[in-house]
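Commentary on secondary and tertiary structure
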Amino acid sequence: MMQQAQDFRSECDAIHRLVSALDGDALAKPTAFKGWSGDAILRHLHVWNIAADLSLTDEAGFRDFFAQAGSAVAKGGMSAFEADYLSGLSGPALVAEWAAFYPILADHFAAADPKQRVAWAGPSMSARSSITARLMESWAHAQALYDALGQKRQNGDHIRNIVVLGVNTFGWTYKNRKMDVPSAMPYLELTAPSGALWTYGEDVAEEHISGKAEEFCQVVTQTRNIADTDLAVTGAIAHQWMGMAQCFAGPPHDPPPPGTRKIAVI
């Protein structure tokens, strides 16, 4: 059993508990993430869960899907494609369809060889990397839902997968912006939700980041600006990285401006 697949299921179970009681009006409200509604977020997660499943179980089907997606997104944008692909599915019916499918995806990846190569946009990746990316994206997009509902998220230690993605994309964040990669990553000293201490890199006082692991995850997924966290950041490289960290694929994205992504006061 691939642990990352179980971690993905656990995260989706938590999201399901958050949204299962919401009605159509609540799911139609915009969030602080680009004004996307809860419907738009769940459609996005569901469509690309379907794509990830195709990449593992039906590569030809994935290629057909991706060709269709690329053309449609270029014409009308991502959200419009996803709404059209799901025939406008929304509200509790969308929640039910997303919730019925993510356990299937988790089961397929749990039984897969972690090293199996699967197709995606750009280079192929391992099955382990693919389901970890689904976990990361689900966790990141769900933050906007927690925020909009005024709820403090209760994280589990499975977010270590996202911490590792953040660490592994340190150099890529610079390369993606056509910048020279620093010779060494700042030292990370992060407190897990369980209270465990997770450390990465060489322990040097001049380049150091410490604090809650969940806040590091928020920064590298760009659901929070570093200024809106309590992370302690020391050193020029550490400050530079935290100001542009990006653990997801695609062209460079800037983090949200300070104060724009936070828990709503209900």
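Owing to the predicted nature of the structure, the values given are computational and were not obtained by experimental measurement. (Residues numbered from 1 in each chain as written. Predicted model: local features only at pLDDT ≥ 70, side-chain atom pairs only at ≥ 80, totals over all residues. Heavy atoms only, no water.)

Describing the packing of aromatic side chains
- Under the defined criterion, the tally for this structure stands at 13 aromatic pairs.
- A centroid spacing of 5.7 Å and a plane angle of 45 degrees characterise the contact between Phe81 and Tyr85, whose relative ring orientation is tilted. Pair noted here: Phe81 and Tyr85 are both in helix 5 (residues 78-85), with a separation of four residues, about one helical turn.
- Put simply, the rings of Trp48, Phe62, Phe65, Phe66, Phe81, Tyr85 and Trp120 pair up and form one aromatic cluster. (Phe/Tyr/Trp six-rings, centres within 6.5 Å; stacked < 30°, edge-to-face > 60°. Helix = DSSP H or I, 4+ residues; strand = E, 2+ residues; numbered from the N terminus.)

Here's the deal with the pairing of strand 3 (residues 187-191)
- Bridging between strand 3 and strand 5 (residues 208-212) involves five bridges; their strand directions are parallel. Looking at the pairing, Glu189 lines up with Ser210 of strand 5.
- Sheet analysis places strand 3 next to strand 4 (residues 197-200), joined by four bridges and oriented antiparallel. Note that in strand 4 the partner of Leu188 across the bridge is Tyr200.
- Between strand 3 and strand 4, which pair antiparallel in sequence order, lie five residues; one of them, Gly195, sits at a positive phi of approximately 100 degrees. (Pairing = 2+ DSSP bridges.)

Some remarks on the sheet that holds strand 4
- The mixed open sheet is built from four strands, whose spatial order is 4-3-5-6. For this open sheet the edge positions go to strand 4 and strand 6 (232-234), each flanked by a neighbour on one side alone. Neighbour-to-neighbour, the strand axes of the sheet open up by a mean angle of 10 degrees, direction not taken into account.
- The sheet strands contacting helix 8 (residues 160-168) are strand 3 and strand 4, and the helix crosses strand 4 at an angle near 15 degrees.
- Running over the sheet, helix 10 (residues 213-220) touches strand 3, strand 4 and strand 5 and is turned about 115 degrees from strand 5. (Axes fitted to C-alpha atoms, helices over the stretch in contact; angles between N-to-C directions. Contact = heavy atoms within 4.5 Å.)

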